[in-house]
Amino acid sequence: MLKNYFKIAWRNFHRHKGYSFINTAGFAIGMACCLLIFIYVRHELSYDKYHKDVERIYRIAQDIRTQTANRVFAPISPMVAPTLKADYPQVENAARAMTTSSRLVRREETFFYENYFMYADQELFDIFTIPFIQGNSKEALTRPQTVVISERMALKYFGRANPMGKTLEINKREYEITGVVADPHENSHIKYDLIASLGTLSNWSEMSNWYSTMFYTYLKLKPNVNVEEFSQHVSSLADKYVGEKLGSRGSAYRYFLQPISGIHLHSHLRYEIEPPGNALYIYIFSFVGLFILIIACLNFMNLATSRAANRAKEVGMRKIVGAKRFQLIGQFLGESLLVAFLSLCFAMAIVRFTIPLLNNLTGTSLSFVDLLNPLVLISLIGGGILVGLAAGLYPAFVLSAFRPVLTLKGTKSVGSRSFAMRTVLVVIQFTISVVLIIGTLIMYKQFNFMKNQHLGFEKEQKLVLPLRGGISIEKNYETAKDLFSKHPSITSATVSSSVPGRGVSNFGIRLLGEEDDKSQSMFHTYFDHDFIPDYGIEIVAGRAFQKGMSTDIKGAFLINEAAVKAFAWSSPEEALGKYLKTGYGGRVSPIIGVTRNFHYRRLQSEVEPLVMEFLPESFRYITLSIDITSMKETLAFIESQWKILFPGYPFENFFLDTDFDRQYRADEQVGRIFGIFTLLGLFIACLGLLALASFTAESRTKEIGIRKVLGASVMEIVIMLSKQFTKWVLLANCIAWPIAYYFMHRWLKNFAYRININIVTFLLSGILVLAVALITVSYQSIKASLANPVDSLRYE
């Protein structure tokens, strides 16, 4: 019987090619969207779950509390890990890792800047699953000046030669290679290429500093440990050792545990090892995929019920010859399953060829092979069956309920209930489409707003030269600036510890002569006297650093308006002359100026308090303001001067505006993906609308003929046929607008600086969907209205 069901289903599929194509194409595109989103979401949810005993591995983070602010850091003091290992039997392993800026790695004449360098304890390999290809995982980092390298680094610097026991020069220090490990997984929040022994830093004063926030600390707990109870013990750990000093500063340190499997999506702390993902976008993509699949299923249901009249006699004849209702239901479900199975096959083919495009959009390395896992394949087949049944169940019950006497008499109407159901299905389809379009437009406007918002500084035509690999210009920064400024296209030069968008340090700051509750942690950055004028940052009180004022070097502070507010001063002028003591070296200096707030970080965050100093030993960037009319010649000159100043160091550069905008790249990728899937959802809905318009025109063939005979014009007939669909689309807009407003208003709350949602966006989306729907319907409407009325009256 099943064979007969599918045989008849295939005949119907072949007989009605246009209908079958629309149904299959809509289903296939819907399934392909779902599969692509499934691969991406599965990848995001898989972060760090490949480690053995992952449920027992945690990272310790820190909440620094003062009377005026709370700041939560991912890196913490290096004292925490050894203290926990010594004092708490619940801890099986504890390890510290400190990531650094890029390092210049050299072997003979081969040298590159490497970004994934870190110092770590030997026990890191006991906590994380990092397979060793060469070397001993139990003693690879037990000695200072040793390093474990990834397989790709071994190939890069040694080719096919054995690297074990050989050395690499890293920032002018020799390190012995004691191990080669597998390349890091892409779905890991820790990326590494060179892991050096933390013992190399044993004489560094920071290694015994409870107030430091530079070390990522990981624990592997023993089996069956009560994590909640252990967390309570860990929380106040600092009080036991430095509680008295913290109290005198008006501060409190609170530690907490983070499961490593949740760090990528759910941890957005200061100084994360890498930019984290966003769980909100995972939910958004999941819902978009579900909505597109719903649109495809509704298409099938709508088209199947709209064709009911054409199959009425078939159903009547089958019932006359003895077919039971459950057999008819089985027949129609068989057709639905056939469409679902073919659509799944086509969807897999679509995914195979479009997954590289998804990789380009998301910056990942997803693979079609991820779908060939046996469990995934079984799930896909099961999902295809469920989708086929879900889409075919309602049409099967509608069609199998026809009364044979009426159908064989030629009574083709399937009743007002079926018409009402089709109306509901079309309205739901376009409601979802309108919600997605409004979401896409608001996302685009928000991202465009962030890229074009005035940042409080000038970012255009600024070429930045990063000083990496241990380059120091503490004593010759003026010489370097003068050399670069010799070219007529270079209008000015300045040096700094960072540039906007590249991150800033955070240290404790204390206001002298005030109560302890005015002490707090603030962001710090360092630059010379040319930085403020070159970047066009406004001074609202006092003055900027000035050339020739020797007291400005290590002897004065600038702060921003946010810092004035944090210290509760009534005006910027009130800050002038106040003395601050910084946690960096304990310098005591007066405030000589207050700057207008400028966005040294991305616009997702509010401008926070910032302290600025003139500190030459911290300069790590040279910014050149240039005329871009003769870029090739100017860059050649800059590179030649670089080789004079820093021989043996690779020349690198970037434009500040492009680099600053890279902070929004992830959000823009999400917006583009969302937009693409929205267009696909609208396309699927329009496919269904096209077929529905075709069947509507066909069912009214005689009516159209009579109206033409009575003098109706082509335009009148087109309006008559389009009016019904227009009402549906307008109703969909009325339902979609409040839904879209609610969700997009909540999404915008994730941004400190955001657009206002206005009616124009909703009107634009409504006009767009209505126009697309009318264009889709008008083809069939015009075709029907142009038909010869004689042929129309002979119809049937």
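Preceding this paragraph is the structure being described.
As a convention, each chain's residues are numbered from 1 in the sequence order in which they are written. The predicted nature of this model means local features are confined to residues of pLDDT at least 70 and side-chain atom pairs, given and counted, to a pLDDT of 80 or more, with totals for whole chains, interfaces and linings taken over all residues. Note that water and hydrogens are dropped before the side-chain values are worked out from all heavy atoms of the structure.

Colleague: When you look at the overall build of the protein chain in this model, what are you seeing that I'm missing?
Modeller: Strands here are runs of E lasting at least two residues and helices are runs of H or I lasting at least four, both read from the DSSP assignment and numbered beginning at the N terminus. Along the backbone of the protein chain there are 25 helices and 24 strands. Within the span of the protein chain, comprising 796 residues, buried residues form 53% of the whole. Contacts between residues were defined by any pair of non-hydrogen atoms, one from each residue, lying within 4.5 Å. Restricting the contact set of the protein chain to residue pairs at least 6 apart, pairs at least 24 apart contribute 80%. The Shrake-Rupley method, run with a 1.4 Å probe, gives the accessible areas here. Residue values count only the displayed protein chains as cover. A total accessible area of about 35,800 Å² is found for the protein chain, and carbon and sulfur atoms account for 58% of it. Whether a residue is buried, partly exposed or exposed follows from its accessible area with a 1.4 Å probe, protein chains only, as a fraction of its type maximum: under 20%, in between, or over 50%, in that order.

Colleague: Is there a simple way to explain the sheet that holds strand β24 (residues 654–655) in this structure?
Modeller: In a beta sheet, neighbouring strands pair by backbone hydrogen bonds and run either parallel or antiparallel. Spatial strand order, β15-β23-β14-β24: four strands in an open sheet with antiparallel pairing. Of all strands in the sheet, those with a lone pairing partner are β15 (490–496) and β24, marking the two edges. Here a strand pair is declared whenever DSSP counts at least two bridges between the two strands. Where β15 and strand β23 (residues 621–626) come together, six bridges link them in antiparallel fashion. Each residue of the ladder has a partner; that of Ser492, found in β23, is Ser625. Structural elements are reduced to axes, namely lines fitted to C-alpha atoms, with helices fitted over the stretch in contact, and the angle between N-to-C directions of any two is expressed from 0 to 180 degrees. Seen against the sheet, helix α15 (residues 477–484) touches β14 (462–466), β15 and β23 and runs at an angle of roughly 155° to β15. Docked against the sheet, helix α19 (residues 631–645) engages β14, β15, β23 and β24, running at close to 25° with respect to β14.

Colleague: Whenever I open this one, the packing of aromatic side chains confuses me. Can you help?
Modeller: For any pair of aromatic rings, the description consists of the separation of the ring centres together with the inter-plane angle of the planes. In this scheme Phe, Tyr and Trp rings, the latter by its six-membered ring, pair at centre separations within 6.5 Å, and the angle between planes marks the pair as stacked below 30 degrees, edge-to-face above 60, and tilted otherwise. Counted under the stated rule, the structure contains 31 aromatic pairs. Centroid distance Phe287 to Phe291: 6.2 Å. Interplanar angle 35°. Geometry classified as tilted. Remark: Phe291 and Phe287 occur in helix α9 (residues 279–306); sequence separation between them is four residues, near one turn of the helix. Exposure remark for Phe287: the relative accessible area of 49% places this residue in the partly exposed category. Definition used: whenever NZ (Lys) or CZ (Arg) falls within 6 Å of the ring centre and also within 35 degrees of the ring normal, the charge is taken to sit over that ring. If you follow Arg352 out to its NZ or CZ, it ends over the ring of Phe353, 5.9 Å from the centre.

Colleague: Explanation requested: the nonpolar core in the structure shown.
Modeller: Within soluble globular proteins, side chains that are nonpolar generally end up buried alongside one another. Grouped together as the largest cluster of nonpolar side chains are 134 residues, with contacts concentrated most on Phe430 and Trp747. Looking at this core, the element that brings in the most residues is helix α14 (residues 415–452), giving 13 residues. Discounting chain neighbours no more than four positions away, the residues touching Trp747 are Leu280, Tyr281, Ile284, Ile442, Met443, Gln446 and Phe447. Put simply, buried Ala, Val, Leu, Ile, Met, Phe, Trp, Tyr and Cys residues joined by side-chain atoms within 4.5 Å make one nonpolar core.

Colleague: What should I look at first to understand the side chain of His524 in this one?
Modeller: Positionally, His524 belongs in strand β17 (residues 520–526). At a separation of 3.0 Å, a polar atom in the side chain of His524 contacts the main-chain carbonyl oxygen of Met522. Setting aside its immediate chain neighbours within four residues, His524 contacts Val504, Ser505, Phe507, Gly508, Ile509, Thr582, Leu610, Val611 and Glu613. Definition of a polar contact: a pair of N or O atoms within 3.5 Å, with one able to donate and the other able to accept a hydrogen when the atoms are protein atoms, and with sequence-neighbouring residues admitted only if both atoms are side-chain atoms.

Colleague: Explain a nonpolar patch on the surface here, please?
Modeller: Surface patches are drawn from residues lacking salt bridges whose relative accessible area is over 30%; two like charges belong together within 9 Å, two nonpolar side chains (Val, Leu, Ile, Met, Phe, Trp, Tyr) within 5 Å. Salt bridge, as used here, is a side-chain nitrogen of Lys or Arg placed within 4 Å of a carboxyl oxygen of Asp or Glu. Residues Tyr283, Phe287, Leu290, Ile294, Val424 and Ile428 make up a contiguous nonpolar surface patch of about 530 Å² in total accessible area. Among the elements of the structure, α9 and α14 are those that each provide at least two residues to the nonpolar patch. For the nonpolar patch, the element with the most residues is α9, which contributes four residues. On the basis of relative accessibility, which here comes to 30%, the residue Ile294 falls in the partly exposed class.

Colleague: Looking at this structure, how should I read unusual backbone geometry?
Modeller: The phi torsion of most residues other than glycine is negative, and most of the peptide bonds are trans. We note that Asp48 has phi near 65°; this positive angle belongs to a residue other than glycine. Locating Asp48 in the fold gives a position in the loop between α2 (17–45) and β1 (57–66). The phi dihedral of Tyr271 falls on the positive side, at around 60°, and the residue is not glycine. Examined against the element boundaries, Tyr271 turns out to sit in the loop between α8 (263–266) and α9. Looking at Tyr271, the relative accessible area reads 29%, which means it is partly exposed.

Colleague: I'm lost on the pattern of salt bridges in this one. Help?
Modeller: Two side chains that carry opposite charge are able to pair once their charged atoms sit near each other. Per the stated rule, a full pass over the model turns up 30 salt bridges. Between Glu176 and Arg143 there is a salt bridge, with the nearest N and O atoms lying 3.2 Å from each other. In this pair, Glu176 is assigned in strand β10 (residues 173–181) and Arg143 in the loop between β7 (132–135) and β8 (146–150), connecting sequence segments 33 residues apart. Overall, the relative accessible area of 41% leaves Arg143 in the partly exposed class.

Colleague: Quick question: what am I supposed to make of the environment of Phe567 here?
Modeller: For Phe567, the location among the structural elements is in the loop between α17 (561–566) and α18 (572–575). Classification of Phe567 as buried rests on a relative accessible area of 0%. Once the C-alpha coordinates of Phe567 and Gln520 are considered, the two residues, 47 residues apart in sequence, prove to be 9.2 Å apart.

Colleague: Looking at this structure, how should I read helix α5 (residues 151–158)?
Modeller: For the α-helix, the turn length of 3.6 residues means that residues three or four positions removed from each other point alike. Those residues of α5 not exposed but buried are Met153, Ala154, Tyr157 and Phe158. Taken around the axis of α5, the buried residues stretch over an arc of 100°, which confines them to a single face. Looking at the buried residues of α5, the elements they touch are β4 (103–107), β5 (110–114), β8, β9 (167–170), β10 and β11 (194–197). The arc in question is formed by the directions pointing from the helix axis toward the C-beta atoms.

Colleague: Hey, could you run me through the environment of Pro82 in this one?
Modeller: For Pro82, the location among the structural elements is in helix α3 (residues 80–87). Owing to a relative accessible area of 38%, Pro82 belongs among the partly exposed residues under this scheme. Here the alpha-carbon distance between Pro82 and Ala94, two residues twelve residues apart in the chain, equals 7.1 Å.

Colleague: Looking at this structure, how should I read the packing of α15 against α19?
Modeller: Angle between the axes and distance between the axes are the two parameters that describe a pair of packed helices. Interhelical geometry of α15 versus α19 gives an angle of 150° and a closest axis separation of 10 Å. When the axes of α15 and α19 are compared, the pair comes out roughly antiparallel. For α15 against α19, the interelement crossing comes out right-handed. Residue-level contacts link Ala480, Leu483 and Phe484 of α15 to Phe637, Ile638, Gln641, Trp642 and Leu645 of α19. Amino acid classes used here: Ala, Val, Leu, Ile, Met, Phe, Trp, Tyr, Cys and Pro are nonpolar; Asp, Glu, Lys and Arg are charged; the rest, including Gly, are polar. The residue inventory of the contact of α15 with α19, partitioned by class, reads seven nonpolar, one polar and no charged. Each angle gets one of four labels, with under 35 degrees taken as roughly parallel, over 145 as roughly antiparallel, 65 to 115 as roughly perpendicular, and the rest as oblique. With the far helix as reference, a near helix turned anticlockwise by less than a right angle produces a left-handed crossing, and one turned clockwise produces a right-handed crossing.

Colleague: Mind showing me how you'd approach the pairing of strand β20 (residues 579–582) here?
Modeller: When a strand is regular, its side chains alternate between the sheet's two faces. Residues Leu580 and Thr582 line the buried face of β20, whereas the alternating positions Tyr579 and Lys581 sit on a face that is not buried. Note: strand β16 (residues 505–511) against β20, three bridges, orientation antiparallel. Its bridge partner lying in β20, Ile509 is registered against Thr582. Alignment of β20 against strand β21 (residues 588–595), held across three bridges, turns out to be antiparallel.

Colleague: Can you walk me through the side chain of His487 in this structure?
Modeller: For His487, the position within the fold is in the loop between α15 and β15. Judged by relative accessible area, which is 7%, His487 ranks as buried. A polar contact of 3.0 Å, which involves the side chain of His487, links it to the backbone nitrogen of Ser489. If near-sequence neighbours (up to four positions away) are discounted, His487 is found in contact with Glu633, Thr634 and Phe637.

Colleague: Explanation requested: the state of the cysteines in the structure shown.
Modeller: Formally, a disulfide is one covalent bond, and it connects the sulfur atom of one cysteine to the sulfur atom of another. Throughout, a disulfide means two cysteine sulfur atoms within 2.5 Å of one another. Throughout the structure, instances matching the rule amount to zero disulfides. In this structure Cys34 is not part of a disulfide, and its nearest cysteine sulfur, from Cys33, lies 7.2 Å away.

Colleague: What am I meant to see in α15 here?
Modeller: Buried residues of α15: Tyr477, Ala480, Lys481, Leu483 and Phe484, and no others. Taken around the axis of α15, the buried residues stretch over an arc of 160°, which confines them to a single face. On its buried face, α15 is in contact with β14, β15, β23 and α19.

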